[in-house]
Amino acid sequence: MLYNAALVLEGGAFRGQYTAGVVDTFLAHHIEFDSVIGVSAGSLCGANFVSKQYGRAAMININHRHDRDYISFSHLLHRQTIINLDYLFEDHGWRWENFNERAYERSASNFTAVATSMVTGKAVSFTNPVGDELTRALKASSSMPIIAKPQRTSKGLCLDGGVADSIPYDLAQQQGYDKIVVIRTRDITYRKEPTSRTLASLYERYYGRDYPLFVRAAINRPTVYNHQVEEINRLTKEKKLFTIAPQQPVKVSRIEGNVKKLRQLYETGQREARSILPQMIKYLEH
């Protein structure tokens, strides 16, 4: 069933295993959305959802988490970033399910990836990108500051979309949708602490000379994020949004190394999505 609605996917690096479990449950029940909007890990899950590749996002992070070509602190010794995002878009043999771009292009859903402009510090979006532009948009959306390098896109140099717009329900509103489903990777009580002096100084050190507006956005991120959460919770209570969020605080770090915890979070997403599915369908069809 294709719903005239938008699906918004929050980022959160490996906490995106929860999102992967939720969207795989949607696929299992043949649920599609006219618009799919993703940020960071949410953009990667969203692209796999649009291409209808059940289990792909979870499989990569569970089965390949400890491949040193993918994630390794030893990369720093060679002046490389900890996470090698190119790994996600390469062919790794018969155990690897390549991204099905033909299925993605044939999909009835529109897909949007959100990144942050290094120059302006504001969110930029890429709607229905294909080919190299799709790869660049996904890499830009998912490139976490400091531990990943900025990506060059058709809209300039970009990093993690979560810096400027962690949960872009506003973009779904701008697209004209009255029905919006938001998938969170944090429980509804979670709020970000103010940016520490240490992290702020790192932002300044890495980007301050060339990209001061990006630094300002990164330091101000907790304030913007917490405001978004308050608005989402309010709109959800007013039944203007439908939110799916972990029922308990997520104890998975951004680059979690415990594969058992990653699998459990994926399964939690599946289980909680199944339990809330009737309510979501009622919201979408009301």
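As a starting point, this report considers the structure included with it. Not measured: the values here are computed from a predicted model.

So, the overall build of the protein chain
If you tally the helices and strands in the protein chain, you get ten helices and eight strands. What you see for the protein chain is a C-alpha radius of gyration of 18 Å, in line with the 19 Å of a compact globule of 286 residues. Projected onto its principal axes, the C-alpha coordinates of the protein chain cover approximately 50 × 45 × 35 Å. Counting only residues that meet the buried cut, the protein chain has 55% of its 286 residues in that class. By sequence separation, contacts in the protein chain at least 24 residues apart represent 77% of the contacts at least 6 residues apart.

A few points about the pattern of salt bridges
Counted by the stated rule, this structure contains ten salt bridges. With a shortest N-O distance of 3.1 Å, Glu238 and Arg234 are connected by a salt bridge. Classification of Arg234 by relative accessible area gives partly exposed; the value is 36%. For Lys240, the salt bridge is made with Glu238, and the minimal N-O distance between the two is 3.4 Å. Residues joined in a network through salt bridges with shared partners are Glu231, Arg234, Glu238 and Lys240.

Notes on the pairing of strand E4 (residues 123-127)
Alternating residues of E4 divide into Val124 and Phe126, all buried, and Ala123, Ser125 and Thr127, none buried. Here strand E3 (residues 110-117) folds back onto E4, and the loop between the two strands holds five residues, one of which, Gly121, carries a positive phi near 75°.

Things to note about helix H7 (residues 197-207)
Those residues of H7 that fall on the buried side of the exposure criterion are Ala200, Tyr203 and Tyr207. Angularly, the buried residues of H7 cover 60° about the axis, an arc narrow enough to put them on a single face. Structural note: H7 exposes Arg197, Thr198 and Arg205 on the side pointing more than 90 degrees away from its buried face. Contacts made by the buried residues of H7 are with strand E6 (156-160) and helix H8 (212-219).

Focus on the environment of Gln248
By the element assignment, Gln248 lies in the loop between strand E8 (242-244) and helix H10 (259-285). Judged by relative accessible area, which is 58%, Gln248 ranks as exposed. Put simply, Gln248 and Arg186 are 62 residues apart on the chain and 8.4 Å apart in space, counted from C-alpha to C-alpha.

Some words on the environment of Ile232
Residue position: Ile232 is located in helix H9 (residues 221-237). Relative accessible area serves as the criterion here: at 0%, Ile232 is assigned to the buried category. Linking Ile232 and Arg221, residues eleven residues apart in sequence, is a C-alpha distance of 16 Å. Excluding its chain neighbours within four sequence positions, the residues that come into contact with Ile232 are Ile167, Tyr169, Leu241 and Thr243.

Focus on the packing of aromatic side chains
Evaluation of the coordinates by the stated rule reveals eleven aromatic pairs. Ring centres 5.6 Å apart and planes at 85° place the aromatic pair Tyr87 and Trp96 in the edge-to-face group. Accessibility expressed as a relative area gives 5% for Trp96, which makes it buried. Between Phe99 and Tyr104 the ring centres are 5.8 Å apart and the planes differ by 55°, which places this aromatic pair in the tilted class. Judged by relative accessible area, Tyr104 falls into the buried class, the value being 5%.

Reading the values: rules and limits
- Residues numbered from 1 in each chain as written.
- Predicted model: local features only at pLDDT ≥ 70, side-chain atom pairs only at ≥ 80, totals over all residues.
- Heavy atoms only, no water.
- Helix = DSSP H or I, 4+ residues; strand = E, 2+ residues; numbered from the N terminus.
- Rg over C-alpha atoms; globule rule 2.2 N^0.38 Å.
- Buried < 20%, exposed > 50% of the residue type's maximum accessible area, 1.4 Å probe, protein only.
- Contact = heavy atoms within 4.5 Å.
- Salt bridge = Lys/Arg side-chain N within 4 Å of Asp/Glu carboxyl O.
- Pairing = 2+ DSSP bridges.
- Arc of directions from axis to C-beta.
- Phe/Tyr/Trp six-rings, centres within 6.5 Å; stacked < 30°, edge-to-face > 60°.

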